[in-house]
Amino acid sequence: MSKPKIFIANPIPGFVEDYLRENCEVVIWDFSKPKKFDGILEIIKDVDGIIQVGMKIDENLLSHAKKLKAVSNISVGYNNFDVEAMKKYNIIGTHTPGVLDETVADTIMGLIINTGRRLCEADRDTKNGNWQKGDVSKFLGKDIHQSTLGIIGMGRIGECVAKRANLGFDMDILYYNRKRNKLAEEKYNAKYLSMDEVLQKSDFVMVMTPLSDETYHLMGEREFNLMKKDAFFINASRGPVVDELALIKALEEGRIAGAGLDVFEKEPIDKNNPLLRMDNVVTLPHIGSATEKTRDDMAMLAAKALVEVLEGRGSDVIIPELR
Ligand code: DGY
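As the structure is a computational prediction, the values presented were derived from the model and not from experiment.

## Thoughts on the site of the ligand
Then comes step 1: Surveying the vicinity of the ligand reveals the residues Ser75, Val76, Gly77, Leu100, Arg238, His286, Ser289, Arg295 and Met298.
Then comes step 2: In isolation the ligand offers 230 Å² of accessible surface; the protein chains occlude 89% of this area.
Then comes step 3: Each residue belonging to the shell around the ligand can be placed in one class, and the counts come to 3 nonpolar, 4 polar and 2 charged.

## Quick word on the packing of aromatic side chains
Then comes step 1: This structure, assessed with the given rule, holds 5 aromatic pairs.
Then comes step 2: Between Tyr175 and Tyr192, the aromatic rings sit 5.1 Å apart at their centres with planes inclined by 45 degrees, giving tilted as the arrangement. Within this pair, whereas Tyr175 is found in strand β7 (residues 172–176), its partner Tyr192 is found in strand β8 (residues 191–192), the two being separated by 17 residues in sequence.
Then comes step 3: Overall, the relative accessible area of 0% leaves Tyr175 in the buried class.
Then comes step 4: We classify Tyr192 as partly exposed; its relative accessible area is 30%.
Then comes step 5: Between Phe224 and Phe233, the aromatic rings sit 5.2 Å apart at their centres with planes inclined by 90 degrees, giving edge-to-face as the arrangement.
Then comes step 6: On the basis of relative accessible area, Phe233 is assigned to the buried category, the value being 0%.
Then comes step 7: Here the aromatic residues Tyr175, Tyr176 and Tyr192 are joined through ring pairs into a cluster of three or more.

## Points about the pattern of salt bridges
Then comes step 1: Taken as a whole, this structure holds 28 salt bridges when the rule is applied.
Then comes step 2: Its salt-bridge partner being Lys127, residue Asp123 comes within 3.1 Å of it at the nearest N-O pair. A residue pair is termed a helical-turn pair when its members lie 3 or 4 positions apart in one helix, as Asp123 and Lys127 do in helix α6 (residues 119–127) at 4 residues.
Then comes step 3: Given the relative accessible area of 66%, Lys127 is considered exposed.
Then comes step 4: Close ionic contact of Arg180 with Glu185 constitutes a salt bridge, the shortest N to O distance being 2.9 Å.
Then comes step 5: A relative accessible area of 16% means that Glu185 is categorised as buried.
Then comes step 6: Put simply, Glu102, Asp106, Lys163 and Arg164 are held in one network by salt bridges that share partners.

## Focus on unusual backbone geometry
Then comes step 1: Here the bond from Glu267 into Pro268 is cis, since omega is -5 degrees, no more than 30 degrees from zero.
Then comes step 2: Positionally, Pro268 belongs in the loop between β11 (258–261) and β12 (281–283).
Then comes step 3: Although it is not a glycine, His286 adopts a positive phi angle of roughly 55 degrees.
Then comes step 4: Following the sequence through the fold, His286 ends up in the loop between β12 and α12 (292–310).
Then comes step 5: For His286, a relative accessible area of 31% translates into the label partly exposed.

## Structural notes on the environment of Asp316
Then comes step 1: Looking at the secondary structure, you find Asp316 in the segment after α12.
Then comes step 2: Taking C-alpha positions, Asp316 is 9.7 Å from Pro97, a pair spaced 219 residues apart along the chain.

How each quantity is defined
Residues numbered from 1 in each chain as written. Predicted model: local features only at pLDDT ≥ 70, side-chain atom pairs only at ≥ 80, totals over all residues. Heavy atoms only, no water. Near = heavy atom within 4 Å. Areas by Shrake-Rupley, 256 points an atom, 1.4 Å probe, with all protein chains shown as cover. Nonpolar A, V, L, I, M, F, W, Y, C, P; charged D, E, K, R; others polar. Phe/Tyr/Trp six-rings, centres within 6.5 Å; stacked < 30°, edge-to-face > 60°. Helix = DSSP H or I, 4+ residues; strand = E, 2+ residues; numbered from the N terminus. Buried < 20%, exposed > 50% of the residue type's maximum accessible area, 1.4 Å probe, protein only. Salt bridge = Lys/Arg side-chain N within 4 Å of Asp/Glu carboxyl O.

See below:
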């Protein structure tokens, strides 16, 4: 049996590339050159599979990919997939659930601690030579321990944050989710409330929902108005889950205390985005899952899924809508 032909569209670890070369004929983008859509179309017209991060898989791309059978995301989020177009062209899509949950939860705890205790702000100030002996009035923050964390979207990553926050920091956990999460309730004493109640009662509010038509701008002006004035907002899910202009307004008007953000409506963030000039906002460049081990695990899971699907063996990580 001849090997399937695949396109590697993003840099991947060497051992994952080796695995793919053993099992497939590989075409790889020349990463010393900027990615050009025309160049991608030229390659994909002739491949059975693609492994990539964040590439828009839509009608336009699929209409050029006559042999394509599967696309593998090296990410758990799959809002880059136009699921209806993939159904139409009979394309299977896979993603990387599970392997990044604990790592993303670490990042979220980092954002909670960094916003509440103003660590990044204090670091900048110290590096700028502003530490004055005896000044004990600067950088007074909010205690993390025994405060209340509101989790909007209690899936696997939400559970991992609840575990850290409740068992490690003795935080009270409130949550809103489409379905009740009994495990989070039993293990981390999480209380299920309406989204409005979670917003009204929490000291830290984090969203962790996939991006879909239903969750687009889930957090807007009304939602920020419901939050406590001294509460912090945390987002490491997807930027468009938040109406960023409404968030900026809420921060500018002091309607919330600050924000910790790993994701933005436009990535990379525009250098004129007001969020970059706010001391009470921590901005990260979408590094939620960025540890060597987790990124290795994600790339290997994505590679194995692609091979399994192309060999007709199916896969546990096909996105639910395409199973
Ligand atoms: C994901 O897997 O969706 C993450 O956002 C990537 O870091």
